[in-house]
Amino acid sequence: MFTSKSTSVPKETPNPPAQSKTANALNIITPARIDWQVDDTGNQVPVSGEFGDVYFSHADGLAESRYVFLAHNQLPERLARLAPKQCFTITELGFGTGLNLLATWLLWRQLRETHPQLATARLHFITTEKFPIPLAGLTHILTLWAQRAPELAELIAPLLAAYPPLIAGSHRLNFFDDNLTVDMWFGDAAESLAKLALDTSIEPTPCVDAWFLDGFAPSCNSALWAEDIFTQIKRLSCQDTTAATYSSAGIVKRGLREHGFEIIKVKGFGRKNQMLTAVMTDAACLSEINSKSKPANSTHNTPAHSIVIGAGVSGLLTAWSLANRGIQVTLLDKSAPLAGASGNPRALLAPKMTPIHHVDEHLHTMGYLYSSRLYRVLNETAVQLNIAPILEPTGALDLLIKANIGTEQIADYPDDMATTLSLTQAQDASGLNIQDVSENLYLPQSGLVNPQALKETILTHPLIHFQQLAVNNISEMESHVCIEGYDQNQQVTSITADNVVVCAAFESHQLDKRIFDCRKIRGQLSWFTPTAEQLASLPKIPLKYSGYCTPFTAQAGDENLNDTAKGQPQFLLGASFIRNDTNTDIREEEHQISRDKLVTAIPEMASVVPTDISGWQGRAGVRTQTPDYHPIVGQLIDSERIWVMSAMGAKGYAIAPLCAEALVDRMLGSFTPLSTAMLARLAPNRTRLQTPLT
């Protein structure tokens, strides 16, 4: 935050523009409106269109961030003292232009270069913003900062590449090379903070180590200095948590003092006389949750070795999240990675959209946004490893035949996430010439996931080791778990570890009866090699109807999972939906079901898709589904060391990455990117899972 109203960053306001009042009722994020002016020295300066205040002055805003928030939270010293695998959490009120994040990130990167023990330590940066700046405006602003402070340029590019669409809720950005996790919570700050989960049944309990109180001045934005904000600050802090703010207003002093902080007035930055720094010292006023001091170098509950049972998409992504926190992972499967339902030639990454008023609690949508970012990052790794791309950006067109949303509700979303194309645009994009596709949902960020490429990339992580083992017993001891089973030579093998995550889909219940015995739904995907004439008339991008279809070109490595040849065009469609059938044989009648479903939805395909299906290829798998359609993610009841991640249904490639992050965060005592309410909906012991299926 800057030193005076004329040089302040407006973050939130209790009197937002009139158009945002309706938007807020619908849970629609109101973007910050940016105007541009030229200051006295000829520099371009961004100005808040709503409030007429500059976002930063021609004075040294970066130096101010370093002085107020880094130096007065003692971050250079505290971060340098972190132990291997230890996580340090910063929470910021008011993301603004991202300058505080960039300053912190640069410090973290510099410290990791000079302190070898930080190689596996992690920095978790949580930030809130009610009026986020649109990507185009943020790009312009940060481009100016890259010119002023060239040392930030290497950080600005990946930040902008990962910047999420302006959708309410939590958006996780992972910067793996720097062991940095950023959670951006878009929406009201008090509401966002209230959603951060503190579960006392699992140790360690998360805690904010340092606060950046960077809202607009209390005289202009009292909402960010209100009682409900300080209540959440207290709830999320532990003894020795620090806070820093540019403001020394009375409301700030009282709020911190009354909520357990000892405040110290110090010299402000530049012309400002005073600022505040604070430390949580009053343990007696804290809730039981965090009444104990957070031990220095607190990693005593961090597992050194975890076992993951099941190497489908859930197991692979769980292994990935664990390994990226410095934990050795043994990944087990009775046959091979992706041998089950996750091993299709391609997976369509396109969510079943929901009306925007509850998008922040819609796991499929938020999972899709995170997965899309993750797979794009992993594409860069795949290129370096000479592996095929993991995500092929294609866009997708939903014909709204079986949807929860109409075109009027689609209009509430930012166009870069979801929009409705005109009839001509939809026909041009899809290649459909006859079909009336005027009622549509276009998802520009959708694409095709290559499961084989994802598997190969994840298994190159040096901390992930795959082992074939048909597990038949899990024993939990006080200090470890023991996994027993038969290896590929039918020899009895046992492995010990600190904990285990069961990701064995419908077989999870067989390994531990506390895991719900889910519905088992057979699904067969079909594909064929079209002629050149057929290919010219088939859809050009993925289409969703009561099923889905898409063209794809086989890549190197695809043949390891399915019957394809590199460079050969294919057309994929499906999938069937057969309850209580766990056989995985390929059936011509299910090829026919998928063809009939496509032709019924798009009649012009009747003359294009071949009627002779005898030469079609297919793959069948068994989906696992709960009665409430939510997956099962969390620690088993009455267990300290057994976790479960299962029942992804047909959405594994969209939701497993985010669910894996949440599970591992809870295991290690970090704040998750999912709300308290969502975690309750995923809990293995939730009420809906107390009654067996009949």
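Just above sits the structure.
Let me begin by describing the structure that accompanies this report. (Residues numbered from 1 in each chain as written. Predicted model: local features only at pLDDT ≥ 70, side-chain atom pairs only at ≥ 80, totals over all residues. Heavy atoms only, no water.)

**A short note on the state of the cysteines**
Test applied: By definition, disulfides here are pairs of cysteine sulfur atoms that lie within 2.5 Å. Think of it in three bands: with a 1.4 Å probe and only protein chains considered, a residue is buried below 20% of the maximum accessible area for its type, exposed above 50%, and partly exposed in between.
Counting across every chain of the model gives one disulfide. Left unpaired, Cys-659 is separated from the closest cysteine sulfur, that of Cys-503, by 11 Å. The exposure class of Cys-659 is buried, given its relative accessible area of 0%.

**Brief notes about the environment of Asp-512**
Definition in use: Runs of E in the DSSP output that reach at least two residues are strands. Runs of H or I that reach at least four are helices, and both are numbered from the N terminus. The criterion used for residue contact is that any of the two residues' heavy atoms lie within 4.5 Å.
Along the chain, the position of Asp-512 falls in the loop between α15 (508-511) and β23 (519-528). For Asp-512, a relative accessible area of 9% puts it in the buried group. Once the C-alpha coordinates of Asp-512 and Asn-472 are considered, the two residues, 40 residues apart in sequence, prove to be 9.8 Å apart. Look past the residues within four positions of Asp-512 in its chain and what remains in contact with it is Leu-636 and Ile-642.

**Re the packing of aromatic side chains**
Heads up, the rule is: Pairing of aromatic rings covers Phe, Tyr and Trp, the last counted by its six-membered ring, and requires centre-to-centre distances within 6.5 Å; plane angles under 30 degrees mean stacked, over 60 mean edge-to-face, and any other angle means tilted. Should the NZ of a Lys or the CZ of an Arg lie within 6 Å of a ring centre and within 35 degrees of the ring normal, that charge is described as sitting over the ring.
Applying the stated criterion across every chain, the model contains 10 aromatic pairs. Aromatic pair Phe-125 and Phe-212: ring centres 5.8 Å apart, planes at 75°, arrangement edge-to-face. One end of the pair, Phe-125, is in strand β4 (residues 122-129); the other, Phe-212, is in strand β7 (residues 208-213), with 87 residues separating them in the sequence. Of the two residues, Phe-125 and Phe-212, both sit in the buried class. Grouped by ring-pair contacts, the aromatic residues Phe-69, Phe-125 and Phe-212 constitute a single cluster. A cation over an aromatic ring shows up here: Arg-148 above the ring of Trp-145, its NZ or CZ 5.2 Å from the ring centre.

**Section: the pairing of strand β22 (residues 499-502)**
What counts is decided by this rule: For two strands to count as paired, DSSP must find a minimum of two bridges between them.
Across the two faces of β22 the burial is the same, with Asn-499 and Val-501 and Val-500 and Val-502 all buried. Strand direction decides the pairing type here: β22 and strand β30 (residues 642-646), joined by three bridges, are parallel. Across the sheet, the residue bridging to Val-500 is Ile-642, located in β30.

**Points about the sheet that holds strand β14 (residues 391-393)**
Quick note on the threshold: A fitted line through C-alpha atoms represents every axis, and for helices the fit uses only the stretch in contact; the resulting angles, taken between N-to-C directions, go from 0 to 180 degrees.
Sheet architecture is open: three strands sit in the order β13-β17-β14, paired in antiparallel fashion. One side of each edge strand has no neighbouring strand; the edge strands of this open sheet are β13 (347-349) and β14. Each neighbouring strand pair of the sheet contributes to a mean axis angle of 30°, computed without reference to strand direction. For β13 and strand β17 (residues 447-449), the ladder comprises three bridges, and the chain directions are antiparallel. Across the sheet, residue Leu-349 finds its bridge partner in β17, namely Gly-447. Lying over the sheet, helix α11 (residues 363-384) contacts β13, β14 and β17, oriented at roughly 105° with respect to β14.

**Some thoughts on α11**
Short version of the rule: By this rule the span expected of a helix is its residue count minus one, scaled by 1.5 Å.
Spanning 22 residues, α11 covers 31 Å between terminal C-alpha atoms, matching the ideal 32 Å at 1.5 Å per step. Counting buried positions along α11 yields 16 of 22 residues, so the element is predominantly enclosed. Downstream of α11 by a residue or two, Asn-386 has a phi angle that is positive, lying close to 60°.

**A few points about the pattern of salt bridges**
Stated precisely, the cut-off is as follows: Each salt bridge in this description consists of a side-chain nitrogen of Lys or Arg and a carboxyl oxygen of Asp or Glu lying within 4 Å of one another.
Across all of its chains, the model carries 23 salt bridges by this definition. A salt bridge links Arg-33 to Asp-35; the shortest N-O distance between them is 3.7 Å. The exposure class of Arg-33 is partly exposed, given its relative accessible area of 44%. Assessed through its relative accessible area of 33%, Asp-35 is described here as partly exposed. The residue Asp-558 makes a salt bridge to Arg-346 at a minimum N-O spacing of 2.9 Å. Highlighted residues: Asp-558 in the loop between β25 (548-553) and β26 (569-574) and Arg-346 in the loop between β12 (328-333) and β13, separated in sequence by 212 residues. An identical accessibility class is assigned to Asp-558 and Arg-346; each is buried. Connected through shared salt-bridge partners, Arg-172, Asp-183, Arg-325, Glu-661 and Asp-665 make up one network.

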